[in-house]
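Listed below, chain by chain, are the residues.
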2 protein chains.
Amino acid sequence: MGGDDAPRSVVAGARMAAERGVPVLLVGQPEQLSEAGGLEVVPASQVIAMGAEAASSVRKMKDSSLVRAAEAVRDGRASAMVSAGNTGAAMAASLLRMGRIRGVSRPAIATPIVVPGRAWPNVMLDSGANTECSAEWLVQFAQMGAVYCRDRWGVSEPRVGLLSIGEEAGKGSPLVKEAFERLEDAAWQTTAGAVFAGNVEGRDLLADLVDVIVTDGFTGNVALKTAEGVAQQLIGALRRAFDSSEEARRGAELLAPALAPLYDEFNPDSVGGAILLGVGGVSIISHGASSPRALANAIQVAYELAERGTVGTLRRILCSE
Amino acid sequence: MGGDDAPRSVVAGARMAAERGVPVLLVGQPEQLSEAGGLEVVPASQVIAMGAEAASSVRKMKDSSLVRAAEAVRDGRASAMVSAGNTGAAMAASLLRMGRIRGVSRPAIATPIVVPGRAWPNVMLDSGANTECSAEWLVQFAQMGAVYCRDRWGVSEPRVGLLSIGEEAGKGSPLVKEAFERLEDAAWQTTAGAVFAGNVEGRDLLADLVDVIVTDGFTGNVALKTAEGVAQQLIGALRRAFDSSEEARRGAELLAPALAPLYDEFNPDSVGGAILLGVGGVSIISHGASSPRALANAIQVAYELAERGTVGTLRRILCSE
């Protein structure tokens, strides 16, 4: 029931995923889901609005689609959940219904960021769940990000970078300095099968320097939205230039075959959604503006992570501390 | 003596500015400045390296070009300084030699960010001088940014936005929440001739929503470098696509006239350098990779700000608190 074009895009995405062989349950108001096309519907009478206050909505609206979806995962009726709705409410519902993985202080949102020319993205976490973080949490984010990166993209020994304002060890806020020291410790790296690669800067977000980027949720959210904003502004300016004269339009036509793969590469639809790591189930949080294709990809990713037992791996690694 | 291609680019930029009628002094090792082309040279025997530790270098290297340049401003021999060298050392030299403006808790770096289609950029501060900030400092950044924006680009009543992770008043870190409350106060807005426009997000950095963006130096630096990185990656990918086939090259040629103004608009050379606001003189800190043209622009901006008495205005507004 969530997303800018709900439930149409979500239903279309679910049907696409089902056609690819992923078994999908839809959760929501049955009368709104008339185009479910044979997909099973788990009824939920309430809808948490996109702008609603997250925690109180989840507490009060026990028959909302978000809460019922998280319960379906908790009860084993579903193996994973995907939402394009209210991010905060999806987080809260996942946390309250699926619970936290033992040993995890705070779940974090991990967002894939395209790395041009590389088959897998950088994963940045936390990209918005926790506005204030401790250095210990950042180490847990590193562990969770590394497990996720390996399970999802097959990176055998993920390199973890710490987002700061200089490459040298001493650079950054007190939080970053303390996190740097803790991340240098070999123990967590061995357990998680990861390597700490030191500080990275804002300009390295899309670079092939590391595989996982660790930061607090405030900085991560600002960086992510900055990256999105700059890309949109640049692409918008290009589009206007491409259409600014007859000559330009002919040029753009000739360039189309060369630009198509680029468009695909930078298209957020290709990478699927963000994931909430640290809760007791797979919970993928897609952009409200996700296209059916983006949602189908997110559903497929959710399915694959459930198949691979990523949450089990996280449990094993985070509890063994 | 500073910058990636020092002193060549700096000297070339200084000569360009001189040709435009700006009186320029060069500060540095005379034997390195043989191409000064008649510009007066203030001798300084030492050079603070680009990667050197800032504070201790400035303290020890009293005959360095950065320290001597800041002294020239302090002593009234120059009206402003411009450097493409070690940012931290340029800041420290400016602060130690020119002093802080009375009433200013911490000087901040204000960086212009292009707003496509608008004649003036957004000014973001602090973009790196203070990794940790208090809410009071953010209010001073707002005041200084507004004065600068008006003096430099003629924006009569600058709109000030607070960088956060949601538009609503309650969103953000404790620092942002406290700063929001303080920024709502009418008194500072009246004194500075500015308007507080509420929170802005990372995606609004290049948008025509506000004129000044206020943030702590850690977040600001990450956001700025993220924006630079994304722009570079996208432009690099475009360049490769434009050159990927005979057909693409022909298309790119047809598009060249439409893309040229865009290139100019997004070119950091056009906006000039960042400025250190809150010290007792004009101090412009340019990118180490600045071209001669970028440096000439920065020198001209420094000249104009000195002519307009921007530092005097800052003194008046910040002291009257």
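Rules and cut-offs
- Residues numbered from 1 in each chain as written.
- Chains lettered and ligands numbered in written order.
- Predicted model: local features only at pLDDT ≥ 70, side-chain atom pairs only at ≥ 80, totals over all residues.
- Heavy atoms only, no water.
- pLDDT = per-residue confidence, 0-100.
- Phe/Tyr/Trp six-rings, centres within 6.5 Å; stacked < 30°, edge-to-face > 60°.
- Helix = DSSP H or I, 4+ residues; strand = E, 2+ residues; numbered from the N terminus.
- Buried < 20%, exposed > 50% of the residue type's maximum accessible area, 1.4 Å probe, protein only.
- Axes fitted to C-alpha atoms, helices over the stretch in contact; angles between N-to-C directions.
- Left-handed = near helix turned anticlockwise from the far one by under 90°.
- Contact = heavy atoms within 4.5 Å.
- Nonpolar A, V, L, I, M, F, W, Y, C, P; charged D, E, K, R; others polar.
- Buried area = accessible area lost by both parts, 1.4 Å probe.
- Polar contact = N/O pair within 3.5 Å; in protein donor to acceptor, adjacent residues only side chain to side chain.
- Least-squares fit on C-alpha atoms with pLDDT ≥ 70 in both.
- Pairing = 2+ DSSP bridges.
- Salt bridge = Lys/Arg side-chain N within 4 Å of Asp/Glu carboxyl O.

Chemist: Provide a residue-level description of the confidence of the model for chain A, including the pertinent values.
Modeler: Of all residues in chain A, 98% have pLDDT values of 70 or greater, and the mean over the chain is 93. At the level of chain-chain contacts, confidence expressed as ipTM amounts to 0.92, with global pTM at 0.93.

Chemist: Can you lay out the packing of aromatic side chains for me, pointing to particular residues and giving the numbers?
Modeler: Residues and elements named next belong to chain A. This model, assessed by the stated rule, comprises 4 aromatic pairs over all chains. Between the aromatic rings of Phe 180 and Phe 196, the centroid separation amounts to 5.2 Å while the plane-to-plane angle is 75°, which identifies the pairing as edge-to-face. Separated by 16 residues along the polypeptide, Phe 180 in helix α6 (residues 174-184) and Phe 196 in strand β7 (residues 195-200) bring together distant segments of the chain. Phe 196 matches Phe 180 in its accessibility class, with the two residues each being buried.

Chemist: For the packing of helix α5 (residues 135-153) of chain A against helix α12 (residues 310-319) of chain A, give the residues involved together with the corresponding values.
Modeler: Residues and elements named next belong to chain A. Close contact between α5 and α12 brings their axes to 10 Å; oriented N to C, the two are set at 145°. With respect to the hand of their crossing, α5 and α12 are arranged in right-handed fashion. Each of Gln 140, Gln 143, Met 144, Val 147 and Asp 151 in α5 lies in contact with α12, whose residues at this interface are Thr 310, Thr 313, Leu 314, Ile 317 and Leu 318. Tallied by class, residues from the contact of α5 with α12 come to 5 nonpolar, 4 polar and 1 charged.

Chemist: Any details on the interface of chain B and chain A? Residues and values, ideally.
Modeler: Taken residue by residue, the interface counts 47 residues in chain B and 47 residues in chain A. Of the roughly 4400 Å² buried at the junction of chain B and chain A (both faces included), carbon and sulfur atoms supply 76%. For chain B, the biggest contributors to the area lost against chain A are Ile 165, Phe 218 and Leu 254 of chain B; these three give 15% of the whole. Between chain B and chain A we count 8 residue pairs in polar contact (both at pLDDT 80 or more) in total.

Chemist: Lay out the relation of the copies chain B and chain A in plain terms, naming residues and giving numbers.
Modeler: The operation relating the two chain copies consists of a rotation about an axis and a shift along that axis. When chain B is fitted to chain A, the best match, at an RMSD of 0.0 Å, comes from turning it 180° and sliding it 0.0 Å along the axis. These values place the two chain copies in the arrangement generated by a two-fold rotation axis. Proximity to the rotation axis, assessed at the C-alpha, singles out Gly 251 of chain B in chain B; its C-alpha lies 1.9 Å from the axis. An overlap of 100% is found between the interface residues of chain B and their copies at the interface of chain A, pointing to a shared contact surface.

Chemist: Give a detailed account of unusual backbone geometry, specifying residues and quantitative values.
Modeler: Of note, the bond from Ala 6 of chain A into Pro 7 of chain A is cis; its omega dihedral lies within 30 degrees of zero at -10°. Residue Asp 126 of chain B follows Leu 125 of chain B across a cis peptide bond; omega there is 5°. Assignment of secondary structure puts Asp 126 of chain B in the loop between β5 (122-125) and α5 (135-153).

Chemist: So what's going on with the environment of Leu 209 of chain B? Which residues, and what values?
Modeler: All names here are of chain B. Its location among the elements puts Leu 209 in the loop between β7 (195-200) and β8 (212-214). Look at Leu 209 and you get partly exposed, because its relative accessible area is 45%. With 49 residues separating them along the chain, Leu 209 and Val 160 place their C-alpha atoms 9.2 Å apart. Other than its neighbours up to four places away in sequence, Leu 209 contacts Arg 159 and Asp 204.

Chemist: Please provide a residue-by-residue account of the sheet that holds strand β4 (residues 108-113) of chain B, values included.
Modeler: All names here are of chain B. With mixed pairing, 8 strands are arranged side by side in an open sheet as β3-β10-β9-β4-β5-β8-β6-β7. At either end of the open sheet lies a strand with only one pairing partner, and these are β3 (80-83) and β7. Along the sheet, successive strands turn relative to each other by an average axial angle of 25°, direction set aside. Summarising the sheet, β4 and β5 pair through 3 bridges and their orientation is antiparallel. Each residue of the ladder has a partner; that of Ile 113, found in β5, is Asn 122.

Chemist: Break down the pattern of salt bridges for me, with residues and values.
Modeler: Residue and element names in this part refer to chain B. Considering all chains together, one arrives at 36 salt bridges over all chains under this definition. The closest approach of N and O atoms between Asp 5 and Arg 8, which form a salt bridge, is 3.6 Å. For Arg 8, a relative accessible area of 58% corresponds to the exposed category. One salt bridge in this structure joins Glu 40 and Arg 77, with 3.0 Å as the shortest N-O distance.

Chemist: A description of the environment of Lys 62 of chain B should follow, citing residues and the corresponding values.
Modeler: Residue and element names in this part refer to chain B. Relative to the assigned elements, Lys 62 resides in the loop between α2 (54-60) and α3 (65-74). Accessibility expressed as a relative area gives 48% for Lys 62, which makes it partly exposed. Remark: the alpha-carbon pair of Lys 62 and Ala 258, spanning 196 residues in sequence, is separated by 50 Å. Within polar-contact distance, the side chain of Lys 62 engages the backbone oxygen of Arg 59 at 2.9 Å.

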